[in-house]
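Each chain, letter by letter, is given below.
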Protein chains: 6
Amino acid sequence: MGETVIAEMTWEQADKRMKEARAVILPLGSLEQHGYHMSLDTDNIVGGYVGRVLAERTNCAVLPVVPYGQVWSAKDFPATISLRERTFIELVKDIVISLEHKGVRNVILFASHWGNTAPVKIAARELLDEQGYSNVYYLSYMDLKKHGDGIMETELWNGSGFHAGEIETSIVLHIKPESVDMERAVCEYPQAPGDVNLRPIPWINFCKSGIFGDAAKATAWKGEKFLKNWIDDMVRLIEENIS
Amino acid sequence: MGETVIAEMTWEQADKRMKEARAVILPLGSLEQHGYHMSLDTDNIVGGYVGRVLAERTNCAVLPVVPYGQVWSAKDFPATISLRERTFIELVKDIVISLEHKGVRNVILFASHWGNTAPVKIAARELLDEQGYSNVYYLSYMDLKKHGDGIMETELWNGSGFHAGEIETSIVLHIKPESVDMERAVCEYPQAPGDVNLRPIPWINFCKSGIFGDAAKATAWKGEKFLKNWIDDMVRLIEENIS
Amino acid sequence: MGETVIAEMTWEQADKRMKEARAVILPLGSLEQHGYHMSLDTDNIVGGYVGRVLAERTNCAVLPVVPYGQVWSAKDFPATISLRERTFIELVKDIVISLEHKGVRNVILFASHWGNTAPVKIAARELLDEQGYSNVYYLSYMDLKKHGDGIMETELWNGSGFHAGEIETSIVLHIKPESVDMERAVCEYPQAPGDVNLRPIPWINFCKSGIFGDAAKATAWKGEKFLKNWIDDMVRLIEENIS
Amino acid sequence: MGETVIAEMTWEQADKRMKEARAVILPLGSLEQHGYHMSLDTDNIVGGYVGRVLAERTNCAVLPVVPYGQVWSAKDFPATISLRERTFIELVKDIVISLEHKGVRNVILFASHWGNTAPVKIAARELLDEQGYSNVYYLSYMDLKKHGDGIMETELWNGSGFHAGEIETSIVLHIKPESVDMERAVCEYPQAPGDVNLRPIPWINFCKSGIFGDAAKATAWKGEKFLKNWIDDMVRLIEENIS
Amino acid sequence: MGETVIAEMTWEQADKRMKEARAVILPLGSLEQHGYHMSLDTDNIVGGYVGRVLAERTNCAVLPVVPYGQVWSAKDFPATISLRERTFIELVKDIVISLEHKGVRNVILFASHWGNTAPVKIAARELLDEQGYSNVYYLSYMDLKKHGDGIMETELWNGSGFHAGEIETSIVLHIKPESVDMERAVCEYPQAPGDVNLRPIPWINFCKSGIFGDAAKATAWKGEKFLKNWIDDMVRLIEENIS
Amino acid sequence: MGETVIAEMTWEQADKRMKEARAVILPLGSLEQHGYHMSLDTDNIVGGYVGRVLAERTNCAVLPVVPYGQVWSAKDFPATISLRERTFIELVKDIVISLEHKGVRNVILFASHWGNTAPVKIAARELLDEQGYSNVYYLSYMDLKKHGDGIMETELWNGSGFHAGEIETSIVLHIKPESVDMERAVCEYPQAPGDVNLRPIPWINFCKSGIFGDAAKATAWKGEKFLKNWIDDMVRLIEENIS
């Protein structure tokens, strides 16, 4: 792992590695409810794991996961911490600006939490507009239809929701099973309020467990397969586009 | 550890624990150079370890370390990431505001990186002035004279500096020895510029290794003793003042 | 129209109408390139027209279109004006705050320009968090797959792009044909850069005309049909959810 | 009008025109009470009309009116929308910055609403200081003493006030008579509080109709004459000073 | 003077006095060029003197002059210090907020520098809107036509300019003659650029001495008379309107 | 004093002097409680006096004292005015930016009020980072242990506190005795709350007089001696490091 994890290097080692690596990957997680059965740091577990694997496979280096994110939808659940949109964007921008001063070739912002996806794009736009950085990339969050085809057995909630459900649970069962208590993995397809797409409605208003889907259908095997599809896809995107 | 590490709990467990615990501790680290011999995440290692021990001993709970900090002095060293003062303050404030909405009894901001100490106090003042929170505490960073008496063999640099030197290295030797390469632990007492206290001067201008003191004098034994003094002192402060 | 267009009323008339109406609709347009064949105010034409029809059909009142928007993607085309994300959000928030002080029952933010969609949602979230307003709604921009089924003959660009193409052109042919010069309506399916979803890339970098799709296939009939589907759908959403 | 109204052009036409025109004019209006007898968009009607005539007579081009402004004094009247000073300034600055990137020769900020006058000057100063733009002009709002000499029959309120009174009403009678209901045009010279020049006092505190002066004395003829004087004066200023 | 100058009191004395006094006066000056013959602190001299006299005559108390102001027009002259508009406004607001927490009856913002006049009004508006303070007053700067009638012998520059000219010089000759060197008091009526009212133009671009008018015509007698008129007028305004 | 006090010069004199002087000194005071016996402007008296003496002895020039500061700890005492941290920093930065445009050789920020010390350093850092100014210096506030050795008879409060006590009172007895009423100079060593170093606690919560120490032990002789030590030390620092 000597070539991958920046945090474990001395500054001399990291200096050399940051300049050689195809890109430096910054995983962006959260401390967010993940149902009755998964730990609050689920997005950080996934961000740390996937970030490291991506780095190993594409000659990149990986930074420590930012463990707090923009968690608007779930912010009123107990124990969930949310940063304001602007705070999160400034945090990401400051880290990228530091990195650019170190001579990195590229930066990849990897949102392992859905809510970070949109502000990460705003950050990248502002870094381009204000600083002229055209080497700041972002990876889209998992695409359940694309990467879960033939794996996922249950339906997406309301056509797109999947938080803490079959696939996310499967992923954690594969990479850190001790963070999942399958005995408490339930199925909840909450009744969506009619105006769910018309105004901002915190999940707590209509969802009991924090799960959107059927977590009980999760298996480590599904997690392994899904991760392979997702990571292979991101590896391809990186290799074809970032140099 | 079920009663201590919030990130490893489900939201139901954390909800219960956050409300019962004397306080929730937020360790605030950095990704910063620590000489030729220690890894960049030294402050995060210390923050995570000390935060957890403090929590265990004082009936507190601990949050994930914020792994990026205000690192002005070292910011021009390779591989060192620094947040602007204001970004760091807003980040801390957002996390505290989320916590207060969850019904925590108290919050303890624990800066395991020196540069975070001053902005943490500003954050606490602003949280009091703007939000009326009078239950936000901060723990001072290690006091080498007080906690190192009879342990530390070497001099402080310029009367107060100790970054990556005898004691910090000793601490990591005790809690995570694989993060130290003692073969590269050197002694540097850089010549302080005459105006070092008169204007902001980045360390890179006058320090070669990033070390202030004699890292080669570090031992795991010293780290263990120092940590005991430091942690005992903080435990006492918490028990006597926070309830 | 006496019951619909706020701007044409005196303050006494508007006062009465604002309090009676189901909601006040704020159309949010832009001054943006729309190919070789359509005028820069296309989004304002659509916003004004659709906003007024919606208001008439749902017992709402409509405000003047904001004629400048967040136009990041097209901002480097000649003659295109773009507001920064934050400026646009503050503008929307100030208008809503004024409206809430007037005793309106509800506010509907209607983005008639795609780039306004995301910042409008951020504005609504901030208005909820900061001001406690839970009566601020937004209408999603046109959904070409849903509302264009059986009408649209050409493909979406890259799976989702349609700017200034078959349907937008058809809509303007129906509601303001003098703003379209079909002789200059061309077909362009620009080659998408491989990293188009990986980093912010201004359209000017890869698109010549500013059109994504085949504008030459537009007809007023298609515009009429599409508009009917789209507006019917929004009328239903308003009637079922906002009162 | 093909050479004047930017919004009605394609981007290719506007590109050519923006670069050739002496200046691009940005009218800045408001949605503000104008008495019992005039519509809320009075300042937008005037801004659009005068902006267009000025453009035609001086080889300029004109942008869409910004229909919301800084309306502090009248902001507590029903149906009146006000932007905060800073929001309005940032909005103007963003539009100008976009324009400057398009290669315009000059920009003229034309406040057709009195409250916009001061923030427009601040915007121009900041654009000079921060961006170095020395080609951003502003036109003063109507000067009733200067342009109304021999036309205006009534007194200014408190030495300077005229909102929705004889002259403004006359102007709208000339350019859009259907926006005036002369049956409801009253005369009000509200009693000025003694401290009206000593602290900020919203008009609603002391004015009933929203009118300052005698709207009943308005005639289309006066509007035509006044407009001629005002516009001739501005044409002269533009021709003599902006190139 | 024990009842007037807050700065010279202990906190106990000031506490009592602040609560009893009709108002607390905050003079707002500048460090700005005042021609070849007057010192840079002219506005502070005038602010301190007039503020104290006003306080003595109206049962007010006076605070220390803020000696730096918004000096946009003169900011490019040597030795002139200018605050940005927003900095100046925040400074004034912070001081007023502190005062309101102390139980003052009223606050009077007294701009003894012209450039402070407009931002002071913005500050007062924001204090009303944001904090609900309706007891924050401002005094208009000297009105040369009104208070100089029968005293001033020379013309205003361009109809309104008078900086460092006959009257300002006369005032300082009366209250602090050692700050004036009449041997260097010249007459300059700079040629106003044609666009002086159309865009922001720093004075340095067209004025050599920094004087607008004829400083050589100044006498202490004129200063005394003018001051009497000006102060009497302000005393009357305070007594009639502030209690 | 013609070579020292900028405010008393004309712009021509100041222009010459600002460019010749080793540095321009900006004293930063406050309006803050100083016990029952000293006036609120104590820090301004000290700042003005020491600033001027320093300037005379080191070929510097001195600016007017900023008479309002960041006074967080004492802000809840009557009559004490406090600026927010950010306001104070922006104020200092604006003044320095103006000075740098005038061609000064160096700037010295001299905090004559303790609470200004930390924000002054932040300002200097930001001026270096954002503007590239490496010639902005700050002088540390008085060091009672170092400069009071052999002079100070009483103990520091809680190891470091001294506000309005023996030494500050002695200094003012020496430089402006009429600002001290020794009859009301008391001794108070308030009981420090146990958590005084753990969270922000306004002084008013535990201190009655506002004094930390024994003001009754003050003498003019001690003030003279202390000042000599302090000023000599600062003179040496300036001469050795700033050119």
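1. What to know about the overall build of chain A
For chain A, the count of helices and strands is 7 helices and 6 strands. Its helices and strands taken in sequence order, chain A reads α-β-α-β-α-β-α-β-α-α-β-β-α from the N to the C terminus. Based on the C-alpha atoms only, the size of chain A along its principal axes is roughly 50 × 35 × 30 Å. Looking at chain A residue by residue over its 243 residues, the buried ones come to 69%. Of the roughly 8,400 Å² of accessible surface on chain A, a fraction of 47% belongs to carbon and sulfur atoms. When the 25 basic and 34 acidic side-chain charges of chain A are each reduced to a single mean position, those positions are 2 Å apart.

2. Concerning the relation of the copies chain A and chain C
Note on the chain copies: they are related by a rotation about an axis and a translation along it. The transform that puts chain A on chain C rotates by 180 degrees and translates by 0.0 Å along the axis, for an RMSD of 0.0 Å. On this basis, the relationship between the two copies can be described by a two-fold rotation axis. For chain A, the residue whose C-alpha comes nearest the rotation axis is Ala 118 of chain A, separated from it by 4.2 Å.

3. Focus: the interface of chain A and chain B
Chain A puts 48 residues into the contact, and the matching count from chain B is 48 residues. In this assembly, chain A packs against chain B so that about 3,700 Å² is buried in total across both faces, 63% of it on carbon and sulfur atoms. For the pair chain A and chain B, the interface holds 6 salt bridges. Our count for the contact surface shared by chain A and chain B stands at 26 residue pairs in polar contact (both at pLDDT 80 or more). Contributing elements (two or more residues each) for the side of chain A that touches chain B: helix H1 (11-20) and helix H3 (85-101) of chain A. Broken down by element, the side of chain A that touches chain B gets its largest block of residues, 7 residues, from H3 of chain A. In terms of residue class, the side of chain A that touches chain B is made up of 25 nonpolar, 11 polar and 12 charged.

4. Description of the packing of aromatic side chains
Taken as a whole, this structure holds 48 aromatic pairs over all chains when the rule is applied. Between Trp 203 of chain E and Phe 212 of chain E, the aromatic rings sit 4.6 Å apart at their centres with planes inclined by 55 degrees, giving tilted as the arrangement. The class of Trp 203 of chain E is buried, set by a relative accessible area of 18%. Their ring planes at 75 degrees and their centres at 6.2 Å tell us that Phe 206 of chain E and Phe 212 of chain E sit as a pair that is edge-to-face. Connected via pairs of aromatic rings, a cluster forms that spans Trp 157, Trp 203, Phe 206 and Phe 212 of chain A.

5. Focus on the relation of the copies chain A and chain B
Superposing chain A onto chain B requires a rotation of 180 degrees together with a translation of 0.0 Å along the rotation axis, leaving an RMSD of 0.0 Å. In this assembly, 100% of the residues forming the interface of chain A have copies in chain B that are likewise at the interface, indicating an isologous arrangement.

6. Some thoughts on the sheet that holds strand E1 (residues 24-28) of chain B
All names here are of chain B. Ordered by their spatial adjacency, 4 strands build an open sheet running E2-E1-E3-E4, and the pairing between neighbours is parallel. At either end of the open sheet lies a strand with only one pairing partner, and these are strand E2 (61-62) and strand E4 (136-139). As paired strands, E1 and E2 are joined by 2 bridges and run parallel to one another. When the sheet's bridge partners are listed, Val 24 is paired in E2 with Ala 61. Packed on one face of the sheet, helix H3 (residues 85-101) meets E1, strand E3 (107-111) and E4 and runs near 150 degrees to E3.

7. Things to note about unusual backbone geometry
Most peptide bonds adopt trans geometry, and most residues besides glycine take a negative phi value. Even without glycine at this site, Asn 59 of chain E takes up a positive phi of about 60 degrees. With respect to the secondary-structure elements, Asn 59 of chain E resides in the loop between helix H2 (42-58) and strand E2 (61-62).

8. Let's talk about H2 of chain E
The periodicity of an α-helix, 3.6 residues per turn, causes residues three or four places apart in sequence to face the same way. Residues and elements named next belong to chain E. With 17 residues, H2 should cover 24 Å at 1.5 Å per step; its first-to-last C-alpha distance of 24 Å lies within 8% of that length. Taking burial as the measure, the 17 residues of H2 include 13 buried ones, the bulk of the element. Where H2 ends, the next residue or the one after it, Asn 59, has phi of about 60 degrees, a positive value.

9. Focus on the packing of helix H3 (residues 85-101) of chain D against helix H4 (residues 117-131) of chain D
Residue and element names in this part refer to chain D. Close contact between H3 and H4 brings their axes to 9 Å; oriented N to C, the two are set at 50 degrees. The orientation of H3 with respect to H4, classified from their angle, is oblique. In terms of crossing hand, the pair formed by H3 and H4 is right-handed. For the pair H3 and H4, the contacting residues are Glu 85, Arg 86, Phe 88, Ile 89, Val 92, Lys 93, Val 96 and Ile 97 in the first and Pro 119, Val 120, Ile 122, Ala 123, Glu 126, Leu 127, Glu 130 and Gln 131 in the second. Taken together, the residues of the contact of H3 with H4 sort by class into 10 nonpolar, 1 polar and 5 charged.

10. Thoughts on the side chain of Thr 154 of chain E
Residue and element names in this part refer to chain E. Within the element layout of this structure, Thr 154 appears in the loop between helix H5 (144-147) and helix H6 (166-175). Judged by relative accessible area, which is 15%, Thr 154 ranks as buried. The contacts of Thr 154, once residues within four sequence positions are left out, are Glu 166, Tyr 189, Asp 214 and Lys 217.

11. Let's talk about the pattern of salt bridges
Residue and element names in this part refer to chain D. Inspection of the entire model under this criterion finds 132 salt bridges over all chains. Here Glu 240 and Arg 236 are joined by a salt bridge, their closest N and O atoms 3.2 Å apart. Of this pair, Glu 240 and Arg 236 are both found in helix H7 (residues 220-241), 4 residues apart, which corresponds to roughly one turn of the helix. For Arg 236, a relative accessible area of 36% translates into the label partly exposed.

12. Notes on the interface of chain A and chain C
By a widespread convention, an interface's size corresponds to the accessible area lost as its parts come together. Between chain A and chain C, the residue contacts involve 25 residues of the former and 25 residues of the latter. Together, the buried faces of chain A and chain C total about 2,400 Å²; carbon and sulfur atoms form 56% of this surface. The interface formed by chain A and chain C contains 2 salt bridges. Residue Asp 129 of chain A is joined to Lys 75 of chain C by a salt bridge in which the shortest nitrogen-to-oxygen separation is 3.5 Å. The interface formed by chain A and chain C includes 10 residue pairs in polar contact (both at pLDDT 80 or more). Elements represented by at least two residues in the side of chain A that touches chain C include exactly helix H4 (117-131), strand E4 (136-139) and helix H7 (220-241) of chain A. For the side of chain A that touches chain C, the element with the highest residue contribution is H4 of chain A, accounting for 5 residues.

13. Re the side chain of Ser 209 of chain E
By secondary structure assignment, the location of Ser 209 of chain E is in the loop between strand E5 (187-188) and strand E6 (213-214). A polar atom in the side chain of Ser 209 of chain E sits 3.0 Å from the backbone nitrogen of Ile 211 of chain E. Excluding residues within four positions of it along the chain, Ser 209 of chain E makes contact with Gln 33, Gly 35, Tyr 36, Phe 77, Val 186 and Glu 188 of chain E together with Trp 11 of chain F.

14. Quick look at the sheet that holds strand E2 (residues 61-62) of chain A
All names here are of chain A. Across the sheet, 4 strands lie side by side as E2-E1-E3-E4; this open sheet has parallel pairing. With one partner strand each, in any of the chains shown, E2 and E4 form the two edges of the open sheet. Pairing of strand E3 (residues 107-111) with E4 involves 4 bridges; the strand directions are parallel. In the sheet register, Leu 109 faces E4, and the bridge partner there is Tyr 138. Sheet contacts for H4: strand E1 (24-28), E3 and E4; angle to E4, the most-contacted strand, approximately 170 degrees.

15. Some points on the pairing of strand E4 (residues 136-139) of chain E
Where burial is concerned, the two faces of E4 of chain E agree: the one with Val 136 and Tyr 138 of chain E and the one with Tyr 137 and Leu 139 of chain E are both buried. Taking the sense of rotation as the criterion, the β-α-β connection linking strand E3 (residues 107-111) of chain E, helix H4 (residues 117-131) of chain E and E4 of chain E turns out right-handed.

16. Some details on the packing of helix H6 (residues 166-175) of chain D against H7 of chain D
Residue and element names in this part refer to chain D. Put simply, H6 and H7 touch, their axes get as near as 7 Å, and they point 95 degrees apart. Between H6 and H7, the angle is such that the two are roughly perpendicular. Seen from H6, the contacting residues are Glu 166, Ile 167, Ser 170, Ile 171, Leu 173, His 174 and Ile 175; seen from H7, they are Ala 220, Lys 222, Gly 223, Glu 224, Phe 226 and Leu 227. When its residues are assigned to classes, the contact of H6 with H7 shows 7 nonpolar, 3 polar and 3 charged.

17. Let's talk about the environment of Cys 207 of chain E
Here Cys 207 of chain E shows up in the loop between E5 and E6. Residue class for Cys 207 of chain E comes out buried when judged on its relative accessible area of 4%.

18. A few points about H4 of chain E
In this model H4 of chain E runs 21 Å from its N-terminal to its C-terminal C-alpha over 15 residues, within 8% of the 21 Å that 1.5 Å per residue would give. Buried within H4 of chain E are the following residues: Thr 117, Pro 119, Val 120, Ile 122, Ala 123, Ala 124, Glu 126 and Leu 127 of chain E. Of the surrounding elements, those touching the buried residues of H4 of chain E are H3 and H4 of chain D together with strand E1 (24-28), helix H3 (85-101), E3 and E4 of chain E. Just past H4 of chain E, the residue Gly 132 of chain E takes up positive phi, approximately 75 degrees.

19. A word on the environment of Ala 124 of chain F
Position of Ala 124 of chain F relative to the elements: it lies in helix H4 (residues 117-131). Residue Ala 124 of chain F is classed as buried on the basis of its relative accessible area of 2%. Separated by 16 residues in sequence, Ala 124 of chain F and Ile 108 of chain F place their C-alpha atoms 10.0 Å apart. Those residues within four positions of Ala 124 of chain F in sequence are excluded, and the remaining contacts are Pro 200 of chain B together with Val 136 and Tyr 138 of chain F.

Reading the values: rules and limits
Residues numbered from 1 in each chain as written. Chains lettered and ligands numbered in written order. Predicted model: local features only at pLDDT ≥ 70, side-chain atom pairs only at ≥ 80, totals over all residues. Heavy atoms only, no water. Helix = DSSP H or I, 4+ residues; strand = E, 2+ residues; numbered from the N terminus. Buried < 20%, exposed > 50% of the residue type's maximum accessible area, 1.4 Å probe, protein only. Areas by Shrake-Rupley, 256 points an atom, 1.4 Å probe, with all protein chains shown as cover. Lys, Arg positive; Asp, Glu negative; His and termini not counted. Charge placed at Lys NZ, Arg CZ, Asp CG, Glu CD. Least-squares fit on C-alpha atoms with pLDDT ≥ 70 in both. Contact = heavy atoms within 4.5 Å. Buried area = accessible area lost by both parts, 1.4 Å probe. Salt bridge = Lys/Arg side-chain N within 4 Å of Asp/Glu carboxyl O. Polar contact = N/O pair within 3.5 Å; in protein donor to acceptor, adjacent residues only side chain to side chain. Nonpolar A, V, L, I, M, F, W, Y, C, P; charged D, E, K, R; others polar. Phe/Tyr/Trp six-rings, centres within 6.5 Å; stacked < 30°, edge-to-face > 60°. Pairing = 2+ DSSP bridges. Axes fitted to C-alpha atoms, helices over the stretch in contact; angles between N-to-C directions. Expected span 1.5 Å × (residues − 1). Parallel < 35°, antiparallel > 145°, perpendicular 65-115°, else oblique. Left-handed = near helix turned anticlockwise from the far one by under 90°. Right-handed = clockwise from strand over helix to strand, strands pointing away.

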